[in-house]
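The residues making up each chain are set out below.
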Amino acid sequence: MTHPADYLQAYDDQLRTDAETPSAISVTRLGPLRLVTFAGGRGFVTYRDLGGADGPAVARLVTGALDHFRADPQINRVEWKSRGHDHAPGLHAALLANGFEADDAESIMIGPLEALCAGVDTPAGVTVRRLTTEADVRAMSAAVDEAFGDPADTRMAEALLARLARDDGMELWGAETDGRFVCGGRLEPVPGTEFVGIWGGATLEAYRGRGIYRALTAARARSALAQGKKLVHSDSTEDSRPILERSGLIRVSTTTPYNWSRARRPQV
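The written sequence of each chain sets the order in which its residues are numbered from 1. Whole-chain, interface and lining totals are the exception, using all residues; otherwise, since this is a predicted model, local features are given only for residues with pLDDT of at least 70 and side-chain atom pairs are given and counted only at 80 or more. The side-chain values count all of the structure's non-hydrogen atoms but skip hydrogen atoms and water molecules.

A. Broad picture of the packing of aromatic side chains. Stacked, tilted and edge-to-face are the three classes assigned to paired rings of Phe, Tyr and Trp, where Trp is represented by its six-membered ring and a pair needs centres within 6.5 Å; plane angles under 30 degrees give stacked, over 60 edge-to-face, the rest tilted. Summed over the entire model, instances satisfying the criterion amount to 2 aromatic pairs. For the ring pair F38 and F44, a centre distance of 5.8 Å and an interplane angle of 55° mean the geometry is tilted. Neither residue differs from the other here; F38 and F44 are each classed as buried. Throughout this description, buried means an accessible area under 20% of the type-specific maximum (1.4 Å probe, protein chains only), exposed means over 50%, and partly exposed covers the range between.

B. Here's a closer look at the environment of T203. Where helices and strands are cited, they refer to DSSP runs of H or I of at least four residues and of E of at least two residues respectively, numbered from the N terminus. The residue T203 is located in strand β10 (residues 195-203) in this model. Judged by relative accessible area, which is 8%, T203 ranks as buried. Between the C-alpha atoms of T203 and A147, which are 56 residues apart in sequence, the distance is 5.6 Å. Only heavy atoms matter for contacts: two residues are in contact if any of them lie within 4.5 Å across the pair. Not counting residues up to four positions away in its chain, the partners in contact with T203 are A147, V182, C183, R208 and Y213.

C. Quick peek at the pairing of strand β3 (residues 42-47). With respect to burial, β3 is a largely interior element, 5 of its 6 residues being buried. Direction of pairing for strand β2 (residues 33-38) relative to β3: antiparallel, over a ladder of 6 bridges. Bridge pairing in β3 links F38 to R42. Taken together, β2 and the strand that follows it, β3, pair antiparallel across an intervening segment of 3 residues, in which G40 is found at a positive phi of about 85°. The rule for pairing is simple: two strands pair if DSSP sees at least two bridges between them.

D. Region of interest: the packing of helix α5 (residues 134-147) against helix α6 (residues 154-166). Only the contacting stretch of a helix is used when fitting its axis, a line to C-alpha atoms as for every element, and angles between N-to-C directions run 0 to 180 degrees. Running from N to C, α5 and α6 cross one another at 140°; their axes reach a closest spacing of 9 Å. The angle between α5 and α6 places the two elements in the oblique class. Every pair of crossing elements has a handedness; the one defined by α5 and α6 is right-handed. Across the interface between the two elements, E134, V137, R138 and S141 of α5 pack against M156, A157, E158, L160, L161 and L164 of α6. Under the grouping applied here, Gly and all other residues not named as nonpolar or charged are polar, the nonpolar ones being Ala, Val, Leu, Ile, Met, Phe, Trp, Tyr, Cys and Pro and the charged ones Asp, Glu, Lys and Arg. Among the residues making up the contact of α5 with α6, the classes are represented as 6 nonpolar, 1 polar and 3 charged. Oblique is the label for any angle not under 35 degrees, not over 145, and not in the 65 to 115 range, which are roughly parallel, roughly antiparallel and roughly perpendicular in turn. Working rule for handedness: look at the near helix, and if it is turned counterclockwise from the far one by less than a right angle, call the crossing left-handed; if clockwise, right-handed.

E. The environment of C183, seen in detail. Secondary-structure assignment places C183 in strand β9 (residues 180-189). Residues C183 and V126 lie 57 residues apart in sequence; the distance between their C-alpha atoms is 10 Å. Apart from the residues lying within four places of it in its own chain, the contact partners of C183 are M140, W173, G174, A175, A202, T203, I212, Y213 and L216.

F. Just the pattern of salt bridges, in detail. Salt bridge, as applied in this entry: a Lys or Arg side-chain nitrogen positioned within 4 Å of an Asp or Glu carboxyl oxygen. This model, assessed by the stated rule, comprises 20 salt bridges. The partner of R83 in a salt bridge is E20, and the shortest N-O contact between them spans 2.7 Å. Of this pair, R83 sits in strand β4 (residues 77-83) while E20 is found in the loop between α1 (4-15) and β1 (26-30), placing the two residues 63 residues apart along the sequence. Taking relative accessible area as the criterion, E20 reaches 22% and is therefore assigned partly exposed.

G. Representation of α1. The end-to-end C-alpha distance of α1 is 16 Å, a good match for the 16 Å that 12 residues give at a rise of 1.5 Å each. Considered for burial, the residues of α1 that qualify are Y7, L8, A10, Y11, D12 and L15. As for α1, its buried residues are in contact with β4, β6 (106-112), β10, β11 (231-236) and β12 (250-261). A helix's residues, less one, multiplied by 1.5 Å, set its expected span.

H. The arrangement of unusual backbone geometry in detail. The residue D167 is not glycine, and still its phi comes out positive at about 55°. Among the structural elements, D167 can be located in the loop between α6 and β8 (171-177). Overall, the relative accessible area of 66% leaves D167 in the exposed class. Even without a glycine there, the phi angle at D178 is positive, about 55°. Mapped onto the elements of the fold, D178 is located in the loop between β8 and β9.

I. Structural view of the nonpolar core. Side-chain atoms within 4.5 Å are what join buried Ala, Val, Leu, Ile, Met, Phe, Trp, Tyr and Cys residues into a set we call a nonpolar core. With 36 residues, the main nonpolar core has L116, L172, C183, I212 and V232 as its most contacted residues. At the level of elements, α4 (113-117), α5, α6, β8, β9, β10, α7 (212-226) and α8 (241-246) are the ones that each hand at least two residues to this core. No other element matches α7, which puts 6 residues into this core. Apart from residues no more than four positions distant in its own chain, L116 is found in contact with I198, T217, A218, A221, V232, L244, S247 and L249.

In structure tokens, the structure reads:
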């Protein structure tokens, strides 16, 4: 399987199911949508497709999904995950009209796990390892937030620790040098599929360009191969996409997250 269309079909068939959200607290169906609640007050909207809905029907789905999450006072933010290859007339306008804001588009990358491991050495002075202790998880999470230019979010660290306690298959990995974590990310084996996901990868700006992210990715890939997985998928920023392309992954589509929070008001 090397053709982009084959990879995209595998992505749609194997990953756009409940396998996409293994850490969900609850999932509610609204037509073709899956309305997912995660720990930490986070809502998430995803789907296999929109069932051929026209513009007015898409607008009703957006309103219905947001009404569902607004009714839960514990939900303070919602992400709608769109894909560039979907038939979704009027979706962008409907999301903006309901107070969502579009984030940067990311590339959906897919390829064989072996490609991520070939010829990769860990840079001198860097240690890459799997993280299991609370102190390590909190330090890595704070470093990733900093790498993305965000303030440290203790809610994310708490959610990661809760998932480790549930032992749902997620692995956390970090790279250390100069006495601190400078890169981190998750490995998400997808039950019942050939896939693993590589998520959350980020490197502090001062440490980029040294091969640290690639070494972290290779370590996660080797762990996945040991579990019998074959394919890897990742939503990649423009910083990480070239690294994955050099390792044999292919861009099959794009994904754009739209984010809503209770502090925002719809556009009028």
